[in-house]
Amino acid sequence: MTETTLNDAPWQDTTAAPADRVGALIGEMTLREKVALLVGVWVGANTEGGEVAPHQHEMNEAVDLDELMPHGLGQLTRPFGTAPVEPGLGALSLRRTQEPIIAANRFGIPALVHEECLAGFAAWKATAYPVPLAWGATFNPDLVRRMSSAIGADLRSVGVHQGLAPVLDVVRDARWGRVEETIGEDPYLIGTIATAYVQGLERAGVVATLKHFVGYSASKAGRNLAPVSVGDRERADVLLPPFEMAIRESGVRSVMHAYTDIDGVPTAADASLLTALLRETWGFDGTVVADYFGIAFLKELHRVAATLGEAAGAALTAGVDVELPTIHTFGEHLIAEIDGGRLDEGLVDRALRRVLRQKLDLGLLDADWSPVPSALAGGGTPVVDLDSPGNRSIARELAEQSIVLVRNEGILPLAAVPRIGLIGPNADTHRAFLGCYSFPAHVGEQHPDVAMGLVIPTVAEALQDEFPDSDITIAAGCTIDGTATTGFDEALAVAQGSDVVVAVLGDRAGLFGRGTSGEGCDAESLDLLGVQQQLLDGLLATGKPVVVVLLTGRPYALGAAAGGAAAIVQGFFPGEEGAAAVAGVLSGRINPAGRLPVSIPGSPGAQPSTYLAAPLAQASGVSNIDPTAAFAFGHGLGYTGFAWSDAGTTADTAATDGEAGVHVTVTNTGGRDGVEVVQLYLHDPVASVVRPVQRLIGYARVALAAGTSARIAFTVPADVTSFTGRDGGRIVEPGAIELRLGASSSDLRAALPLTLTGSTRTVDHTRRLHCDVQVTAL
């Protein structure tokens, strides 16, 4: 095709209908050119250092770009997130990569570029935001939306089109290493926070990717990439709702299949999920991308395909459109299946229409598209600031709102303290604040000779700034997961010589066993790691007041400290601004308002267990195992008091196709401004199938000045009471229910009866998902 005809090509006519543009382009393409647009290439990955994806070293075959580019290229995998690269140089390098890609293929189509962005843009010198579990602790979708808008702007500025986030997996077993990547254990909280994240990223012009669809977090024994055996009802009522909400409300344009096999069927080859539910029922029209090497796993791990060609065909048939991170099955293996008559080329065209429509929406098919991103608009190699003051301000606000004051026996906020004993393995390390998908933990640790690229204070540094007149003595006591107790004597001596002990314990994020939290870093139990519990018990035994600060990626059982510590402060890897947030909570500069997005267990071995438990999963006299949480979902304290009053409903009954109002007045009775998180739970005492004792159906984060009040009113549609009935359909049943208003799932302030009247009603994916909420100052 000549340059003249290319410039006149119908698929570059921006006045034509998108479907016509895409159809015209497909009609001109050879099979090899089509398939080339359904794959990514990970040219920056190598076999040195640790893996950042499962089986990376054995799966990541070399690709000859010179041979590939004349046919086209679908995606470029992580040009910024594979090795440390100066952001400005990275943008310039990406532009210089795109130019030959465009020039080499007949149609002048650039590659779509994707990166990880779970806790911020996973690139060198980019802001390390709090991890998703911390987003859940904020109960603040608006703030999360601001964060993702900033992340999206940074991605776009250097030429990235797609971000592989957020994670919508519902925590079912806190031993799973990827708990830190989730938003919590409640589907409604996850759905609202994740939808906000997607909205921010998409409004910045970046394709968001929902992952992992679906069931990944329900793996047996909390082991990464393990089988899943959930029933259809648990999948429909617990695991799928966050995805459904995001697809309906966020404008998301991509979904990533899970590694999971559910009851023997891998999701990467499950047309009932990827096509029938996702597309035909929910109406999703974006792309489904493979989790890294997930298509090849159909042969290598799941063993439902005898060859890589069969694996490619199974995934394509099920509805996977793009193979990531690099070519393994969708190249020659897929072409051979079609040439051999074993696979219909129409399936390639189906996937290609989605891929090309996405590129069209991004402007990549327009004749005037330029590979020069905004960061390079001035020419030359710019200095690109991916950790701007604006970013850090958002990171700081998120960190501050995510810190949960779990226990306080009156010691916090700390007054002037002459001597502070700062003890624990996380007391003086910046790694205490970073999740496994932050660039320093994910990639940076494999490049020890390269500077971290960010300034991340430690707890020790932040406390010294917060308490400049205090004598602060530091002792690690032990390592995160080691067994040596040789540092105990020094730590206990420091404690004895202090007025207050601040014990900073927890995790070290990493991947595939290189950390204690993160992908491939699963836990056998929820005991504090290594000998940290022994150290903590020793500190408690000194008789000194002990303030426990936990910097973790999952909740841990705390033994005697749950009832014996002077205070407990929980942070879930709160990012680069986390140290100042922790110090500010200890001093009282910050009035904490975080709430637990996951329960803190009372026992280290009572897993799997979440607050979404059925009656038989509660403590009972017929089992010696008590799964009751030490601190329940939604729990969190602050430094002011709140009185709840005037709770009620607008009616005693509502039709199964109707709604009812719920209201409560909250008053700040303390001496300082604060935030109360009003939570609305549903209790269904008798149903045709077993239901959780209660589940969250609404919430409001209410900021109140000292002495002021607000009326919080929820409109509760009967739709939100729906569940999967015995025949597999979603129903709203008549009968008595209870609407519970609470400060947490275990701190209920009002239980309001309501009777649903009428006949059983069948609902579908168009049902109402939310209780509208209004907060009115009084």
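We now turn to the structure provided with this report. The shown structure was predicted, so the numbers you read here are calculated from the model rather than taken from an experiment.

1. Describing the overall build of the protein
Consideration 1: Along the protein, the regular secondary structure elements total 23 helices and 29 strands.
Consideration 2: For 778 residues, the compact-globule estimate of 2.2 N^0.38 gives 28 Å, and the protein sits close to it at 27 Å.
Consideration 3: Looking at the protein as a whole, 62% of its 778 residues are labelled buried.
Consideration 4: Sequence separation of at least 24 residues holds for 79% of the intrachain contacts in the protein that already meet a minimum separation of 6.
Consideration 5: Each charge class in the protein was averaged separately, 54 positive and 90 negative side chains, and the resulting centres sit 3 Å apart.

2. Quick notes on the environment of P601
Consideration 1: With respect to the helices and strands, the residue P601 is situated in strand 16 (residues 600-601).
Consideration 2: Classification of P601 as buried rests on a relative accessible area of 9%.
Consideration 3: Here the alpha-carbon distance between P601 and A629, two residues 28 residues apart in the chain, equals 4.4 Å.
Consideration 4: Every residue in contact with P601, bar those within four places of it in the chain, is listed here: L526, P555, Y556, A557, A629 and A630.

3. Quick word on the environment of Q75
Consideration 1: With respect to the helices, strands and loops of the structure, Q75 is situated in strand 2 (residues 75-77).
Consideration 2: You can call Q75 buried: its relative accessible area is 4%.
Consideration 3: With sequence-adjacent residues up to four places away left out, Q75 is seen in contact with V39, G40, V41, A111, L112, H114, Q162, V289, V322 and L324.
Consideration 4: At 3.3 Å, the side chain of Q75 forms a polar contact with the side chain of Q162.

4. A closer look at the pattern of salt bridges
Close approach of charged atoms lets side chains of opposite charge pair.
Consideration 1: Per the stated rule, a full pass over the model turns up 36 salt bridges.
Consideration 2: The salt bridge partner of E332 is R32, with a shortest N-O separation of 2.4 Å. Remark: R32 occurs in helix 3 (residues 31-36) and E332 occurs in helix 15 (residues 332-339); sequence separation between them is 300 residues.
Consideration 3: Across the pair R392 and D387 runs a salt bridge whose closest N-O atoms are separated by 3.8 Å.
Consideration 4: Residue R392 is classed as partly exposed on the basis of its relative accessible area of 27%.

5. Structural notes on helix 19 (residues 459-466)
An α-helical segment advances 3.6 residues per turn. Residues three or four places apart therefore align on the same side.
Consideration 1: Every buried residue of helix 19 is listed here: V459, A460, A462 and L463. One face of helix 19 carries all of its buried residues, which in axial projection span an arc of 165 degrees.
Consideration 2: The inward-facing, buried residues of helix 19 abut strand 11 (419-423), strand 12 (471-475), strand 13 (500-506), strand 14 (546-552) and helix 23 (578-587).

6. As for the packing of helix 14 (residues 308-318) against helix 15
Consideration 1: As a packed pair, helix 14 and helix 15 sit with axes 8 Å apart at the nearest point and diverge in direction by 80 degrees. Viewed along their axes, helix 14 and helix 15 adopt a mutual orientation that is roughly perpendicular. Residues L308, G309, E310, A312 and L316 of helix 14 form the contact with helix 15, whose own contacting residues are H333, L334 and E337.

7. A closer look at the sheet that holds strand 28 (residues 761-763)
Consideration 1: A sheet is described by the order of its strands in space; here 3 strands give the open sequence 24-25-28, paired in antiparallel fashion. Looking at the sheet topology across the chains shown, the edges are occupied by strand 24 (723-724) and strand 28.
Consideration 2: Two strands pair when backbone bridges link them, and strand 25 (residues 730-732) and strand 28 are joined in this way by 3 bridges, in the antiparallel orientation. Bridged to I731 within strand 28 is T762.

8. Quick notes on the side chain of S157
Consideration 1: Here S157 is to be found in helix 8 (residues 141-157).
Consideration 2: The class of S157 is buried, set by a relative accessible area of 15%.
Consideration 3: Setting aside residues no more than four positions away along its own chain, S157 makes contact with P373, S374 and A375.

9. Here we look at the sheet that holds strand 22 (residues 695-704)
Consideration 1: The strand order across the open sheet formed by 5 strands is 19-27-26-21-22, and the pairing between neighbours is mixed. Looking at strand neighbours, the two that pair on one side only are strand 19 (653-655) and strand 22, the edges of this open sheet. The sheet shows a mean angle of 25 degrees between the axes of neighbouring strands, direction not considered.
Consideration 2: Sheet analysis places strand 21 (residues 674-683) next to strand 26 (residues 735-742), joined by 5 bridges and oriented antiparallel. Residue pairing in the sheet places L680 in a bridge with L741 of strand 26.

10. Let's talk about the packing of aromatic side chains
Consideration 1: Within this structure, the stated rule accounts for 14 aromatic pairs.
Consideration 2: Residues W135 and Y197 carry aromatic rings whose centres are separated by 4.9 Å and whose planes lie at 10 degrees to one another, so their mutual orientation is stacked. A residue pair is termed long-range when its members are at least 10 positions apart, and W135 in helix 7 (residues 132-138) and Y197 in helix 9 (residues 187-203) qualify at 62 residues. We note that W135, like Y197, is buried.
Consideration 3: What links up through ring pairs into an aromatic cluster is the set F139, Y188, Y611, F633, Y681 and Y699.

11. Things to note about the environment of A541
Consideration 1: On the secondary structure map, A541 appears in helix 21 (residues 532-541).
Consideration 2: Residues A541 and G564, spaced 23 residues apart in sequence, show a C-alpha to C-alpha distance of 9.8 Å.

12. Structural notes on helix 9
Consideration 1: The end-to-end C-alpha distance of helix 9 is 24 Å, a good match for the 24 Å that 17 residues give at a rise of 1.5 Å each.
Consideration 2: Within helix 9, 16 of the 17 residues are buried, which leaves the element mostly enclosed by the surrounding structure.
Consideration 3: Its side-chain oxygen at 2.9 Å from the backbone nitrogen of Y188, D186 defines the N-terminal cap of helix 9.
Consideration 4: Once helix 9 ends, the next one or two residues include G205, with phi positive near 90 degrees.

13. Let's talk about the packing of helix 20 (residues 488-496) against helix 21
Consideration 1: Here helix 20 crosses helix 21 at 30 degrees, and the two axes come no closer than 10 Å. Comparing their axes, helix 21 and helix 20 come out roughly parallel. Crossing of helix 20 over helix 21 shows right-handed handedness. Counted together, F488, A491, L492 and A495 of helix 20 and Q534, L535, G538 and L539 of helix 21 form the full contact between these two elements.

About the criteria used
Residues numbered from 1 in each chain as written. Predicted model: local features only at pLDDT ≥ 70, side-chain atom pairs only at ≥ 80, totals over all residues. Heavy atoms only, no water. Helix = DSSP H or I, 4+ residues; strand = E, 2+ residues; numbered from the N terminus. Rg over C-alpha atoms; globule rule 2.2 N^0.38 Å. Buried < 20%, exposed > 50% of the residue type's maximum accessible area, 1.4 Å probe, protein only. Contact = heavy atoms within 4.5 Å. Lys, Arg positive; Asp, Glu negative; His and termini not counted. Charge placed at Lys NZ, Arg CZ, Asp CG, Glu CD. Polar contact = N/O pair within 3.5 Å; in protein donor to acceptor, adjacent residues only side chain to side chain. Salt bridge = Lys/Arg side-chain N within 4 Å of Asp/Glu carboxyl O. Arc of directions from axis to C-beta. Axes fitted to C-alpha atoms, helices over the stretch in contact; angles between N-to-C directions. Parallel < 35°, antiparallel > 145°, perpendicular 65-115°, else oblique. Pairing = 2+ DSSP bridges. Phe/Tyr/Trp six-rings, centres within 6.5 Å; stacked < 30°, edge-to-face > 60°. Expected span 1.5 Å × (residues − 1). Left-handed = near helix turned anticlockwise from the far one by under 90°.

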